[in-house]
Amino acid sequence: MELRRVEDYDAMSLLAARIVFDRIVNSERLVLGLATGSTPEAMYDHLAEMLNRDKVDLSHVYTVNLDEYVGLSEGHPQSYHHYMETMFFSKVDIPADHTFLPDGKAPDLEVEVERYELLIEELGGVDLQILGIGRNGHIGFNEPGTSFDSRTHVVNLAESTVNDNARFFDTVDEVPRQALTMGLHTIMNAKSILLLVSGDEKEEALECMIDCEVSEELPATILQTHPDVTIIADDEALE
């Protein structure tokens with residue numbers, strides 16, 4: 001596990017973008033695991049700028065997202081399909097049929113999570129997985145208590161996660177209570193992991209992720225056992 005300390009959010013975002021950019025241009029074929037939320041937003045901006053500046057061919061890049069809310073259509077302004085289209089896909093030339101997210105409106109959610117897990121396997125697994133961390137130590141939407149053996153699954157969101165995500169909705173009552181998410185076993189199968197952490201509200205979770213005993217009660221601690229994890233954290237998250 002490598003920890004890279006940076007000054008602030010933008011420095012974190014720029015360094016992360018450079019790391020992803022280098023992997024893209026130096027790979028013959030690349031499967032990227034993508035995250036959503038506020039943490040990676042500026043990274044996507046920097047990355048799109050770098051890729052467009054250098055006119056990078058992205059026909060060899062495939063993407064799989066960590067998660068999606070249950071019940072939100074692709075066009076819903078708070079769906080992760082919409083987030084990815086707005087924040088990144090619309091700005092770059094990754095072929096549309098190379099980008100994948102779980103379907104939160106699937107008629108049978110159990111069939112959908114099995115389909116998505118199989119899709120990741122058929123792509124050959126994730127080469128570089130981008131992650132954030134929740135205040136309660138969740139990664140993806142894997143809440144405390146999630147089995148380390150979990151694969152893509154349906155999850156009931158913790159109240160703290162619902163409250164954290166309420167800022168993206170008009171009211172907390174509009175926040176979905178379930179999501180589809182890659183499981184912890186699925187995430188750990190990624191060849192490399194890049195964890196982005198910014199802000200003092202993430203300080204406790206980050207400290208425990210690095211130093212606490214590996215436990216399903218803090219899902220992110222499983223990253224201690226992965227052979228290739230890079231953490232980029234700003235000063236506020238490391239104070």
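Rules used throughout
- Residues numbered from 1 in each chain as written.
- Predicted model: local features only at pLDDT ≥ 70, side-chain atom pairs only at ≥ 80, totals over all residues.
- Heavy atoms only, no water.
- Helix = DSSP H or I, 4+ residues; strand = E, 2+ residues; numbered from the N terminus.
- Buried < 20%, exposed > 50% of the residue type's maximum accessible area, 1.4 Å probe, protein only.
- Contact = heavy atoms within 4.5 Å.
- Areas by Shrake-Rupley, 256 points an atom, 1.4 Å probe, with all protein chains shown as cover.
- Pairing = 2+ DSSP bridges.
- Axes fitted to C-alpha atoms, helices over the stretch in contact; angles between N-to-C directions.
- Core = buried A, V, L, I, M, F, W, Y, C linked by side-chain atoms within 4.5 Å.
- Expected span 1.5 Å × (residues − 1).
- Disulfide = S-S within 2.5 Å.

**Student:** Would you take a moment to explain the overall build of the chain for this structure?
**Tutor:** When helices and strands are counted, the chain shows eight helices and ten strands. A principal-axis box enclosing the C-alpha atoms of the chain has dimensions of 45 × 45 × 35 Å. The burial tally for the chain puts 56% of its 239 residues in the buried class. In the chain, of all internal contacts separated by at least 6 residues, the share reaching a separation of at least 24 is 78%. A total accessible area of about 10,600 Å² is found for the chain, and carbon and sulfur atoms account for 46% of it.

**Student:** Explanation requested: the sheet that holds strand 1 (residues 2–6) in the structure shown.
**Tutor:** Hydrogen bonds between backbone groups are what pair the strands of a sheet, and the pairing can be parallel or antiparallel. As summarised here, the arrangement of the seven strands in space is 1-10-9-6-2-3-5, forming an open sheet in which the pairing is parallel. With one partner strand each, in any of the chains shown, strand 1 and strand 5 (99–100) form the two edges of the open sheet. Strand contacts of helix 7 (residues 203–211): strand 9 (192–197) and strand 10 (229–234), with the helix running at about 150° to strand 10, the strand carrying the most contacts.

**Student:** I would appreciate a short explanation of the environment of E110 in the present structure.
**Tutor:** With respect to the element layout, E110 can be found in helix 4 (residues 109–122). In the structure, E110 is positioned 82 residues away from S192 in sequence and 28 Å away in space, judged by C-alpha atoms.

**Student:** What should I look at first to understand the side chain of S13 in this one?
**Tutor:** Within the element layout of this structure, S13 appears in helix 1 (residues 9–25). For S13, a relative accessible area of 0% corresponds to the buried category. When neighbours within four sequence positions are excluded, S13 is seen to be in contact with A42, M43 and H46.

**Student:** So what exactly am I meant to see when it comes to the nonpolar core here?
**Tutor:** Across soluble globular proteins, you tend to see nonpolar side chains buried next to one another. Among the nonpolar cores identified, the biggest contains 76 residues, and V20, I24, L51, F88 and L223 are the most heavily contacted of them. When neighbours within four sequence positions are excluded, V20 is seen to be in contact with L32, M43, L47, L128, I130 and L194.

**Student:** When you look at helix 1 in this model, what are you seeing that I'm missing?
**Tutor:** Since the α-helix advances by 3.6 residues per turn, residues separated by three or four positions end up pointing in the same direction. Helix length check: helix 1 (17 residues) gives 24 Å between terminal C-alpha atoms against 24 Å at 1.5 Å per residue, within 8%. Turning to helix 1, its buried residues are M12, S13, L15, A16, A17, V20, F21 and I24.

**Student:** What's the story with the sheet that holds strand 8 (residues 178–181) in this structure? I'm lost.
**Tutor:** Spatial ordering of the open sheet is given by 4-8-7, a layout of three strands whose pairing is antiparallel. A strand with exactly one partner marks an edge of an open sheet, and here the two such strands are strand 4 (67–69) and strand 7 (153–156). With direction set aside, neighbouring strand axes in the sheet form an average angle of 25°. Across three bridges, strand 4 lies against strand 8 in antiparallel orientation. The partner of D67 across the bridge, within strand 8, is T181. With respect to the sheet, helix 4 is in contact with strand 7 and strand 8, its orientation differing from that of strand 7 by roughly 125°.

**Student:** I'm lost on the pairing of strand 7 in this one. Help?
**Tutor:** The two faces of a sheet get side chains in turn, since along a regular strand they alternate between them. With burial as the criterion, only one face of strand 7 is covered, namely that bearing H153 and V155; the residues V154 and N156 on the opposite face remain uncovered. Of the strand pairs in this sheet, strand 7 and strand 8 are connected by four bridges, and their pairing is antiparallel. Bridging from a neighbouring strand, V155 pairs with A179 of strand 8.

**Student:** Would you take a moment to explain helix 2 (residues 41–53) for this structure?
**Tutor:** Across its 13 residues, helix 2 extends 19 Å between first and last C-alpha, which sits within 8% of the 18 Å expected from 1.5 Å per residue. Burial in helix 2 covers these residues: A42, M43, Y44, H46, L47, A48, M50 and L51. Phi turns positive, to about 50°, at K55, one or two residues after helix 2.

**Student:** Just to check I follow, could you spell out the state of the cysteines for this structure?
**Tutor:** Here is the idea: a disulfide is a covalent bond, and it sits between the sulfur atoms of two cysteines. Tallied over the entire structure, the rule returns one disulfide. Each sulfur of the disulfide joining C208 and C212 lies 2.0 Å from the other. Between C208 and C212 the disulfide shows an S-S torsion of about -110°. By sign, it is left-handed. On the basis of relative accessibility, which here comes to 28%, the residue C212 falls in the partly exposed class.

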